[in-house]
Protein chains: 2
Amino acid sequence: MTREKDRPLQIGALLFEGIDQLDLTGPFEVLARPPDTVFRLYAKSAAPVRDVRGLRLLPDAVLGETPRLDVLVVPGGFGQEAIMEDEETLGWIRRQAEDATHVLSVCTGALILGAAGLLKGRRATTHWAVHHLLPYFGAVPADERVVVDGKVTTTAGVTAGLDGALRLAAALHGEEAARTIQLFMEYAPEPPFDSGSPKIASACVTESVRLLTQEITARREATARRVATRLGIEA
Amino acid sequence: MTREKDRPLQIGALLFEGIDQLDLTGPFEVLARPPDTVFRLYAKSAAPVRDVRGLRLLPDAVLGETPRLDVLVVPGGFGQEAIMEDEETLGWIRRQAEDATHVLSVCTGALILGAAGLLKGRRATTHWAVHHLLPYFGAVPADERVVVDGKVTTTAGVTAGLDGALRLAAALHGEEAARTIQLFMEYAPEPPFDSGSPKIASACVTESVRLLTQEITARREATARRVATRLGIEA
């Protein structure tokens, strides 16, 4: 940890139009809770940002006003695809990731990290529907819900951000603190169905999610190919 | 269901200063996903609202501009205590709950429903740290993570909103649709620790959450006593 003792822990999440809000609000719930922590949202402009389903979040500051972050959180969502070729945002991610002690991506946020060149040679995961795109970024795909490789933690889809953030909380504050946060959030999940991954969901349900996402998945793949060329990766 | 066929499903969540944001954003993630659904946030004023840890959410409209809701979502958080004696908001909840087909509370949102008189004679649950306050509202405390009693679903603390919302999604759209949402969110949780309820957390961790919440719990109890008197309940 390179963090100075005299300042609070600085956590920052990238906020963008078309984010899937739980990718951000899940980790926020976990990581913003300890004392001496500042968790802020950073976006390209100060205007409110709309998530994929219309929830509106306010950025706390623009990218250019970001202090050196200790922890960088990169969420996903349909809007992630545009970010993969947005040099201003990718540059911000690279600079912040270099100094941060921890980087956490949730869901398709991993594709943004990949586009920034941060997954080269790293084990990584992402939402199951785009898991096959990881090699375009030079990543080593890992079939796990939370993958920690050095300073970079990647997680599977949406709700996996809660599990990844709790692991990160333990790394930042110790296991006892993470367990306290978990109890505060009463995180003893009881999903009503066995349908949270393609391994256990019915073929019919899995097919319906594939159909719902096939257009964006195709676009993401085309973008990932261009990124691979830019990064000089043969995938 | 009294819903008219020619309009989208209208879901509305109460938004207030000092909300615990995941109480709202968890159910939003689940319930806003199906097509023909409008999920909006309603607050007393149009100004951005700050959650307990500083995340800023924008209301979509003020209470007085709310259409007749099919589903009313009532989150909790430290700010919930003030709402328990806010007659404007309680009146809004009563009116909307009367016409809605479903009412969902998350975490200490149950205490708001209780203060509105909606838990009288109903089985209900809430965050474990305030579960003992349920009788002040005439509720029958149930030691369960999600409790469905007629049109009212109450859930345990914070993350239980995800489980409650998935059950509600099944009631609204059928089990197949709820399973599809669950797979989309990759909700196959892997909490890193066994610490999500006082039944499994260590005594030390449980005691530390009790200490962190004892002030607000005492205030909530004092408010609950006044509510009981107003509602004519002997608890």
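Conventions we followed
- Residues numbered from 1 in each chain as written.
- Chains lettered and ligands numbered in written order.
- Predicted model: local features only at pLDDT ≥ 70, side-chain atom pairs only at ≥ 80, totals over all residues.
- Heavy atoms only, no water.
- Helix = DSSP H or I, 4+ residues; strand = E, 2+ residues; numbered from the N terminus.
- Buried < 20%, exposed > 50% of the residue type's maximum accessible area, 1.4 Å probe, protein only.
- Contact = heavy atoms within 4.5 Å.
- Areas by Shrake-Rupley, 256 points an atom, 1.4 Å probe, with all protein chains shown as cover.
- Lys, Arg positive; Asp, Glu negative; His and termini not counted.
- Charge placed at Lys NZ, Arg CZ, Asp CG, Glu CD.
- Salt bridge = Lys/Arg side-chain N within 4 Å of Asp/Glu carboxyl O.
- Least-squares fit on C-alpha atoms with pLDDT ≥ 70 in both.
- UniProt positions renumbered as here; feature names shortened; annotations may be inferred.
- Buried area = accessible area lost by both parts, 1.4 Å probe.
- pLDDT = per-residue confidence, 0-100.
- Pairing = 2+ DSSP bridges.
- Right-handed = clockwise from strand over helix to strand, strands pointing away.
- Axes fitted to C-alpha atoms, helices over the stretch in contact; angles between N-to-C directions.

- As recorded by an unreviewed UniProt entry, chain A carries the name AraC family transcriptional regulator and is attributed to Methylocystis bryophila.

**Here's the deal with the overall build of chain A**
Then, in step 1: Across its full length, chain A carries seven helices and eleven strands.
Then, in step 2: For the C-alpha atoms alone, the extent of chain A along its principal axes is close to 50 × 40 × 35 Å.
Then, in step 3: Scored against the burial criterion, the 235 residues of chain A give a buried share of 63%.
Then, in step 4: Sequence separation of at least 24 residues holds for 68% of the intrachain contacts in chain A that already meet a minimum separation of 6.
Then, in step 5: For chain A, the computed accessible surface area is about 8,600 Å², with 50% contributed by carbon and sulfur atoms.
Then, in step 6: Separation of charge centres in chain A, based on 26 positive and 31 negative side chains, amounts to 3 Å.

**Observations regarding the pattern of salt bridges**
Then, in step 1: This model, assessed by the stated rule, comprises 33 salt bridges over all chains.
Then, in step 2: The residue Arg7(A) makes a salt bridge to Asp70(A) at a minimum N-O spacing of 3.2 Å. Taken together, the positions of Arg7(A) in the segment before β1 (9–14) and Asp70(A) in the loop between β5 (61–62) and β6 (71–74) put the pair 63 residues apart, joining distant regions of the chain. For the pair formed by Arg7(A) and Asp70(A), the shared burial category is buried.
Then, in step 3: Here Arg33(B) and Glu29(B) are joined by a salt bridge, their closest N and O atoms 2.6 Å apart.
Then, in step 4: A cluster of three or more residues bridged by salt bridges with shared partners is formed by Arg7(A), Arg68(A) and Asp70(A).

**A few points about the relation of the copies chain B and chain A**
Then, in step 1: Each copy superposes on the other: chain B lies on chain A with an RMSD of 0.0 Å after a rotation of 180° and an axial shift of 0.0 Å. As the rotation angle and translation indicate, the two copies are arranged about a two-fold axis. By C-alpha distance to the rotation axis, the residue of chain B lying nearest is Leu57(B), at 2.4 Å.
Then, in step 2: A symmetric contact is evident, with 100% of the interface residues of chain B recurring at the interface of chain A.

**Digging into the UniProt feature "domain: DJ-1/PfpI" (unreviewed entry) in chain A**
Then, in step 1: Mapped onto the present numbering, the UniProt feature "domain: DJ-1/PfpI" (unreviewed entry) falls at residues 14–167 of chain A.
Then, in step 2: In this annotation, residues 14–167 of chain A is assigned 28% helix and 22% strand; the end-to-end C-alpha distance for the span is 20 Å.

**Concerning the interface of chain B and chain A**
Then, in step 1: Contact with chain B, which involves 68 residues of that partner, is made by 68 residues of chain A.
Then, in step 2: Per-residue buried area on chain B facing chain A is highest for Leu183(B), Glu186(B) and Phe193(B); these three make up 14% of the total on that side.
Then, in step 3: Where chain B meets chain A, there are four salt bridges.
Then, in step 4: Among the salt bridges present, the one from Arg56(A) reaches Asp60(B), with a minimum N-O distance of 3.7 Å.
Then, in step 5: Contributions of two or more residues to the side of chain B that touches chain A are made by α1 (21–31), β2 (37–43), β4 (56–57), α5 (160–173), α6 (175–184) and α7 (203–231) of chain B.

**Focus: the side chain of His127(B)**
Then, in step 1: The residue His127(B) is located in the loop between β8 (123–124) and β9 (140–141) in this model.
Then, in step 2: Using a relative accessible area of 6% as the deciding quantity, one classes His127(B) as buried.

**Regarding unusual backbone geometry**
Then, in step 1: One non-glycine residue, Glu186(A), lies in positive phi territory at about 45°.
Then, in step 2: Structurally, Glu186(A) is set in the loop between α6 (175–184) and α7 (203–231).
Then, in step 3: At Val158(B), a residue that is not glycine, the phi angle is positive and equals roughly 35°.

**A word on the confidence of the model for chain A**
Then, in step 1: The predicted model of chain A averages 96 in pLDDT, with 98% of residues at 70 or higher.
Then, in step 2: Interface predicted TM-score (ipTM) for the complex: 0.96; the corresponding pTM is 0.96.

**Here we look at the pairing of strand β2 (residues 37–43) of chain A**
Looking along a regular strand, one sees the side chains alternate between the two faces of the sheet.
Residue and element names in this part refer to chain A.
Then, in step 1: Summarising burial for β2: six of the seven residues are buried, a large majority.
Then, in step 2: Looking at chain direction, β1 and β2 are connected through six bridges and run parallel. Among the inter-strand pairings, Leu9 is bridged to a residue of β2, identified as Thr37.
Then, in step 3: Running through helix α1 (residues 21–31), the crossover from β1 to the neighbouring parallel element β2 is right-handed.
Then, in step 4: Bridge count between β2 and β5: two bridges; the pairing is parallel. Note that in β5 the partner of Ala43 across the bridge is Val62.

**Quick word on the sheet that holds strand β11 (residues 152–155) of chain A**
Residue and element names in this part refer to chain A.
Then, in step 1: Spatially, seven strands are ordered β5-β2-β1-β6-β7-β11-β10 in an open sheet, and the strand pairing comes out mixed. Bordering the open sheet on either side are β5 and β10 (146–149), each of which pairs with just one other strand.
Then, in step 2: The pairing of strand β7 (residues 102–105) with β11 spans three bridges and is classified as parallel. Across the sheet, residue Leu104 finds its bridge partner in β11, namely Thr153.
Then, in step 3: Contacting β1, β2, β6 and β7, helix α3 (residues 87–99) runs over the sheet at an angle of about 145° to β6.
Then, in step 4: Strands in contact with helix α5 (residues 160–173) are β1, β2, β6, β7, β10 and β11; relative to β7, the strand with the most contacts, it is inclined by about 170°.

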